[in-house]
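# A closer look at the structure
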Amino acid sequence: MVGARRIGMVAVVVAIVATGCKVPGEWFPGHGTAAPSGVHVVAPANKSQAPASGEVGLDVRLDADLQVSSLRVWIVRGWPDETGSTEITGRLTRDAHGATAQLHAADLKPGLLTVKASASKPDGSDAELGYASFSWEPKVDTASAKRCDPIAARKCLMPFPNDFFTVADPTSGTGRRVHFDPKAMPVNSKGAPIDPTEWNRNDGFSPGAMIVTYVPGLDLGTTGAAPVTDIGRSLRPDQPILLFDAQTGEQWPIWSELDSQADPVDQKTLIVRVAKNLPEGHRFIVAMRNLRDGSGKPIPVERGFQLYRDTIPTFTPAIENRRGHFEQIFDRLGQLGVARNSLNLAWDFTVASEQNLAGRMLHIRDDAFATLHGGAPAFTVTNVQDNVDDQIFRRVTGTFTVPNYLTGDGSPGNRFNYGGNPAVDALPVRNGDFTAGFICNIPRSVSATGGDPVSPARGAIYGHGLLGNPDEVNSDAQRDFSNQYRMVYCATKWSGFADEDLGVAASALVDVSNFPKVADRTQQGFLNQLFLARLVKSPQGFASNPAFRMGSAATPVLDGTVNYDGNSQGGVLGGALTALATDWTHSVLGVTGMNYSTLLQRSSDFDTYSAILKPSYPDELDRMVWYSVVQMLWDRSEANGYAEHMTDDPYPNTPRHQVLMHVAFGDHQVANVTADVEARTIGARVLLPGLAPGRSTDVKPFWGITPISFLPWNGSAIVYWDSGTPAPPTGNLAPHEPAYGTDPHESPRRAPAARAMKSTFLQTGGTVTDTCGGAPCLAPLVP
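Description of the structure in this document. (Residues numbered from 1 in each chain as written. Predicted model: local features only at pLDDT ≥ 70, side-chain atom pairs only at ≥ 80, totals over all residues. Heavy atoms only, no water.)

## Section: unusual backbone geometry
- With an omega dihedral of -5°, the bond running from Asp452 to Pro453 counts as a cis peptide bond.
- Considering the arrangement of structural elements, one finds Pro453 in the loop between β22 (433–443) and β23 (457–463).
- Cis geometry marks the peptide bond from Leu711 to Pro712; its omega dihedral reads -5°.
- With respect to the helices, strands and loops of the structure, Pro712 is situated in the loop between β30 (685–686) and β31 (713–714).
- Although it is not a glycine, His373 sits at a positive phi angle of roughly 55°.
- Among the structural elements, His373 can be located in the loop between α6 (354–370) and β20 (379–386).
- The exposure class of His373 is exposed, given its relative accessible area of 72%.
- Its identity as a non-glycine residue notwithstanding, Ala554 has a phi of 50°, on the positive side.
- Positionally, Ala554 belongs in the loop between β25 (549–550) and β26 (555–556). (Helix = DSSP H or I, 4+ residues; strand = E, 2+ residues; numbered from the N terminus. Buried < 20%, exposed > 50% of the residue type's maximum accessible area, 1.4 Å probe, protein only.)

## Things to note about the state of the cysteines
- One pass over the structure, following the stated rule, counts 3 disulfides.
- Disulfide pairing places Cys440 opposite Cys490 at an S-S distance of 2.1 Å. One quick way to see it: the torsion about the S-S bond of Cys440 and Cys490 is about 115°, and its sign makes the bridge right-handed. Of this pair, Cys440 sits in strand β22 while Cys490 sits in strand β24 (residues 487–491), placing them 50 residues apart in sequence.
- What makes Cys440 buried here is its relative accessible area of 0%.
- A sulfur-sulfur distance of 2.0 Å marks the disulfide that ties Cys772 to Cys777. When the S-S torsion is 105°, as for the bridge of Cys772 with Cys777, the disulfide is right-handed. Grouping residues by exposure puts Cys772 and Cys777 together as buried.
- Look at the chain and number its bonded cysteines as they come in the sequence; the links are 1-2, 3-4, 5-6. (Disulfide = S-S within 2.5 Å.)

## Thoughts on the pattern of salt bridges
- If you walk through the whole model with that rule in mind, you get 38 salt bridges.
- Residues Asp520 and Arg415 are paired through a salt bridge, measuring 2.8 Å at the closest nitrogen-oxygen approach. Linking Asp520 in helix α9 (residues 515–537) with Arg415 in the loop between β21 (392–403) and β22, this pair joins segments that are 105 residues apart in sequence.
- Classification of Arg415 as partly exposed rests on a relative accessible area of 26%.
- Across the pair Arg749 and Glu746 runs a salt bridge whose closest N-O atoms are separated by 3.5 Å.
- Overall, the relative accessible area of 30% leaves Glu746 in the partly exposed class.
- Salt bridges sharing partners connect three or more residues here, namely Glu198, Arg201, Arg415, Asp520 and Arg636. (Salt bridge = Lys/Arg side-chain N within 4 Å of Asp/Glu carboxyl O.)

## A few points about the pairing of β24
- The element β24 is largely enclosed, with a buried count of 5 among its 5 residues.
- One ladder, built from 3 bridges, connects β22 with β24; its direction is antiparallel. When the bridges of β24 are listed, Asn441 appears paired with Tyr489.
- Across 4 bridges, the pairing between β23 and β24 is parallel. For Arg458, the partnering residue across the bridge sits in β24 and is Met487.
- You can see the chain leave β23, run along helix α7 (residues 476–484) and come back into β24, and the turn it takes is right-handed. (Pairing = 2+ DSSP bridges. Right-handed = clockwise from strand over helix to strand, strands pointing away.)

## What about the sheet that holds β21?
- Pairing is mixed in the open sheet, where 10 strands are placed in the order β20-β21-β22-β24-β23-β27-β28-β29-β32-β30. Either end of the sheet is taken by a strand with one partner, and the two such strands are β20 and β30.
- Note: strand β28 (residues 586–590) against strand β29 (residues 658–664), 5 bridges, orientation parallel. Bridge pairing in β29 links Leu589 to Met661.
- On the sheet, helix α10 (residues 569–580) packs against β23, β27 (558–567), β28 and β29 and is oriented at approximately 130° with respect to β27.
- Sheet strands in contact with helix α16 (residues 752–763) are β23, β24, β27, β28, β29 and β32 (717–721), and its direction is about 170° off that of β29. (Contact = heavy atoms within 4.5 Å. Axes fitted to C-alpha atoms, helices over the stretch in contact; angles between N-to-C directions.)

Take a look at the structure:
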């Protein structure tokens, strides 16, 4: 009976809004049917939405045969059943043809209301009735309901991500297209809203979605939501915060946290993070139920959501147009065991498609490599230095040519060149060439003196750290490893995220509208790295130049193979690069992770940049939306957007890859949780015991990551290296010295056991060996 009544109520809501009140002869909810009448309620207009102030002008007009003195007026409250009425006849100002009055908020009650007016003829016959229905929702911003989702009132873009901010598009990979209204976007301190043009190219949201909303008074402890230390709990059927695949019904692993950096503290955004990336193109439903405050009391549902949950009609078309969609959400949640009346909030969003996330990059990769016809890029050696030091015999520097898909000369600040094509699915067009620089170090283990004997070596592309440069390949850790394990390391700048891009990156913190410059140029940077790998691998590349030949027979120092090795940013971006690589199949991602929307606030590196971001976007809730919105474009240029295809599900014309992740426990710069999410997403297995008992604060360390079942293991793996640093904070906070000890970020790359493991993995086609003797892997702390 309850279900039938609910269906009936929904049908009535649709009927009221669709047909409205047609005086005379109108059906009025809760008040019967009006016969043809000479009583006309002119104001408020029938089917109107009253202003939030509650100030409503009343105007009733009578036909000439009705007595003005007999006019009576009531405000009837409640729907579908009348809950009360107030007669306001004594407040009428009468004139020759009717009466007027002013209604105030005290006269009204949120919901559907009806003005009921009656008047009789001089002969005393039955009174005639007139009606007008209107809606009053003082806690819902009905004026902005077209561009802002009214279900969570605090911020226009909350809750986020959200299919409210999409429109149907049958040409896209998901059938949706992001459609941000410029007036809905966060505004910086100079009053400039984010320009949504580039975001509106997307056909969905991030696969590593940072789900954000604001729930006043929420306490996650009393609510019982799963924290980052107990992700497994999030899959229990009684959880208060849930994430479901709308199609399959699969309950997705998540953790929930309140913004630990909120200032003021009463503006703590609720953040829900996925513990494994969401599959591309799928639609997900977020459900929040039985939420409680610090005293354990239930938190009332916000009125904007209550309109849908409790089938309360309005006369705001933007709200009513979504009612059918919410009924589908409620029905699906009911099938999944979530009671409608338990909900505080529910909504859905669609994950971007493979084409939308990687299509631009795959296009420029394939277009550029087609110009090589199986050969190698043009390059120039500009300097050769011999007898560099006791580890490196020869250092070769130079430049190489890469097709340029950016505007201008491809320097910092340039965007993708679309050739004037305004289509949202346009692909970049080549714009001449870009000249990139390279550094290659040839170790003495290849040739001690440049003469005989010569032992050709594997090549490796090295990915440098945050906003750095390729000179990092000359660091002691890389030089020592290169010589000890006989590998020729080559490096180029991460265009888009190198030292020369610092100014553009900073400008994106001041105005997020500048962020597409970062994302686009980083993708050009990926192409540069891939072209460098071809030079290392191809016999027509570096091996053809005397600078890369030694000994009496001019033997090439490169053996025709290439791998990838990157640290920090080189690990984060390196995951994406690996997914795109056609010339190598094995990568080591050092002190790595993914998803900058999770990483930034948990990184000590971000302190400097946060000092720019906070005054630029001083509203705390806006900043939390900022992280999630920016990730939508960052996915195009870091591992988070490519992780689904990094290992066993490669892109077209791309080989499978195996990845070894080396993680520093308690890392101050790259949060461990981001590495765990990456490992779950790419299917990397964990080398146990991983950590000594008691070191992790997790209820079940490495939850959701399959252990390596036998050794040696051939496949992708994640290995934790412990330098004795305290466990990281459990909230969205960065660990800092001295409270969290010395940063172990540099330790794994210098640990002998880690280096031996890395070498074996790269030189044996992905074999993972236990170089830690069956114990937790330790990395001596590097000050």
